[in-house]
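# An overview of the molecular structure
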Amino acid sequence: MAAANDPAPPAFGAFAPTRAQAAVIALAHRTRLKRGAFRPMLSRLVNLLRAGPVDVPYQGASFRFYHQASATERGALFNPDYNLEELDFLRAHTPLGGVFVDVGANVGTYAMVLARHVGPGGNVIAIEPHPVTHARLAFNRAASGFTQVALVAAAAGPSDGELMIETDGDNLGASHIVSGERQGNAIRVPSLRLQRILGDAGVSHVDTLKIDIEGYEDRVLTGFFKQASPSLWPRAVVIEHLSRDEWLADCIADMRARGYAETGRTRSNTMLVRA
């Protein structure tokens with residue numbers, strides 16, 4: 001995160017799209033150009049028209065998207081239906097005033113949308129360890145005015161302590177846990193057990209949980225389900241399965257054994273509901 005003496009970023013709206021940028025974004029929204037293969041090209045074009053981030057609304061919240069170096073932010077900027085099936089699933093299982101937990105919150109494209117859904121009386125816990133991404137998440141929370149979102153500047157992990165994370169290439173949203181021996185651009189971040197995070201937040205139950213931590217999902221969830229009270233087990237879960245080859249244990253099978261049923265699947269995520 002930014003140092004205490006760093007200047008505050010310009011207020012939301014300072015990077016509102018220019019007329020030309022808005023035309024490109026609108027074209028993507030209403031055509032097949034919103035699909036993933038076209039987004040890097042559109043991002044380069046928008047950046048040529050004016051370099052830097054873009055301030056736009058998305059799913060009822062306010063975001064500053066640094067689309068040039070984040071596939072997630074490109075997706076949300078150019079596709080108004082980005083992750084819509086997963087978002088609709090989570091909204092369907094989260095009541096007004098409910099509790100949503102976002103493990104690997106990135107810049108908040110799930111957390112802020114669910115914050116709007118649960119309302120001021122609800123709770124959203126957004127867990128994001130990367131300091132740059134966390135600062136962007138915090139800005140988007142402030143821009144959206146969602147005081148019901150609690151931010152956790154730590155990685156969810158199997159134990160309380162520290163972990164190393166690194167980013168491959170220029171996709172900041174794909175930061176992932178690495179072993180302590182790895183070098184390169186890896187940075188050290190705090191690590192907390194999920195049940196510790198929930199306890200610190202003072203929540204007594206979880207309605208829905210989304211987890212996307214690039215192949216580390218099993219280390220978080222298997223320990224959580226073994227150690228946490230069933231009263232804390234979420235009623236519905238969205239879990240990214242793209243990196244399941246890196247799991248040490250099949251945490252989806254573990255959830256099925258604990259009474260969860262798979263009710264849907266997209267290219268990236270599996271959706272489960274607790275019976």
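Everything discussed here concerns the structure shown above.
Note that the structure is predicted; figures quoted are calculated from it, not measured. Sequence order as written defines residue numbering, which begins from 1 separately in each chain. Per-residue local features of the predicted model are confined to residues with pLDDT of at least 70, and side-chain atom pairs are confined, for both listing and counting, to 80 or more; whole-chain, interface and lining totals are unaffected and use all residues. Only hydrogens and water are set aside; all other atoms, that is, all heavy atoms of the structure, feed into the side-chain values.

We now examine the environment of Val 24. Secondary structure counts use DSSP, requiring at least four H or I residues in a row for a helix and at least two E residues in a row for a strand, with both numbered from the N terminus. Secondary-structure assignment places Val 24 in helix H1 (residues 19–29). For Val 24, a relative accessible area of 12% gives the class buried. On a C-alpha basis, the gap between Val 24 and Pro 158 in space is 44 Å, while along the polypeptide they are 134 residues apart. Sequence-distant contacts of Val 24, defined by excluding residues within four places in its chain, comprise Leu 42, Leu 45, Val 46 and Leu 49. Each residue is placed in one exposure class: buried if its accessible area under a 1.4 Å probe, protein chains only, is under 20% of its type's maximum, exposed if it is over 50%, and partly exposed if it falls in between. Residue contacts are defined here by distance: any two heavy atoms, one from each residue, within 4.5 Å place the two residues in contact.

Turning our eyes to something else, we now look at unusual backbone geometry. In this model, Gln 59 sits at a positive phi of 50°, which is unusual for a non-glycine residue. Mapping Gln 59 onto the fold places it in the loop between strand E1 (54–58) and strand E2 (61–65). Relative accessible area serves as the criterion here: at 21%, Gln 59 is assigned to the partly exposed category. Although it is not a glycine, Glu 214 sits at a positive phi angle of roughly 55°.

Turning next to the packing of aromatic side chains. Two rings from Phe, Tyr or Trp (for Trp, the six-membered ring) form a pair when their centres sit within 6.5 Å of each other. Planes less than 30 degrees apart are called stacked, planes more than 60 degrees apart edge-to-face, and all others tilted. Counted by the stated rule, this structure contains six aromatic pairs. When the centroid spacing of 5.4 Å and the interplanar angle of 65° are considered together, the rings of Phe 224 and Phe 225 count as edge-to-face. The same class applies to Phe 224 as to Phe 225, namely buried. Relative to Tyr 260, the ring of Phe 225 lies with its centre 5.7 Å away and its plane at 65°, an arrangement referred to as edge-to-face.

Along any regular strand the residues' side chains alternate between the sheet's two faces. When DSSP finds at least two bridges between two strands, those strands are taken to pair. Looking at chain direction, strand E4 (residues 123–127) and strand E5 (residues 149–152) are connected through four bridges and run parallel. Each residue of the ladder has a partner; that of Val 124, found in E5, is Val 149. With the strands pointing away from the viewer, any crossover whose connection runs clockwise from the first strand over the helix to the second is right-handed. For the crossover that starts at E4, traverses helix H6 (residues 131–144) and ends in the parallel E5, the hand is right-handed.

With respect to the element layout, Ser 191 can be found in strand E9 (residues 187–192). Exposure remark for Ser 191: the relative accessible area of 2% places this residue in the buried category. Polar side-chain contacts of Ser 191 include one of 3.0 Å to the backbone oxygen of Ser 159. The term polar contact refers here to a pair of N or O atoms within 3.5 Å; inside protein, the definition further demands a hydrogen-donor-capable atom paired with an acceptor-capable atom, and it admits residues adjacent in sequence only when both atoms are side-chain atoms.

Structurally, Ser 70 is set in the loop between E2 and helix H3 (71–78). Within polar-contact distance, the side chain of Ser 70 engages the side chain of Glu 73 at 3.1 Å.

Turning next to the packing of helix H4 (residues 84–92) against helix H5 (residues 111–118). Viewed as axis vectors pointing N to C, H4 and H5 meet at an angle of 35°, and their least axial separation amounts to 10 Å. With respect to the hand of their crossing, H4 and H5 are arranged in right-handed fashion. Listed contacts from H5 to Leu 87, Leu 90 and Arg 91 of H4 are Val 113, Leu 114 and His 117. Residues are grouped as follows: Ala, Val, Leu, Ile, Met, Phe, Trp, Tyr, Cys and Pro are nonpolar; Asp, Glu, Lys and Arg are charged; all remaining types, including Gly, are polar. Grouping the constituent residues of the contact of H4 with H5 by class yields four nonpolar, one polar and one charged. Throughout, an axis means a line fitted to C-alpha atoms (over the contacting stretch in the case of helices), and angles, computed between N-to-C directions, take values from 0 to 180 degrees. Crossing handedness is defined as follows: a turn of the near helix away from the far one that is anticlockwise and smaller than a right angle gives a left-handed crossing, while the clockwise case is right-handed.

Our next topic: the pattern of salt bridges. Salt bridges are defined as contacts in which a side-chain nitrogen from Lys or Arg sits within 4 Å of a carboxyl oxygen from Asp or Glu. Scanning the entire structure with this criterion turns up 15 salt bridges. Note that Arg 136 is salt-bridged to Glu 73, the shortest N-O span being 3.7 Å. Taken together, the residues Arg 136 in helix H6 and Glu 73 in helix H3 connect sequence positions 63 residues apart. Notably, a salt bridge pairs Asp 207 with Arg 235, separated by 2.8 Å at the nearest N-O pair. Here the residue Asp 207 occupies a position in the loop between helix H7 (194–201) and strand E10 (208–211), and Arg 235 occupies one in the loop between helix H8 (217–227) and strand E11 (236–240), the gap between them amounting to 28 residues. When its relative accessible area of 0% is taken as the criterion, Asp 207 is described as buried. In this structure, a network of salt bridges that share partners links the residues Asp 160, Arg 193, Arg 196 and Asp 200.

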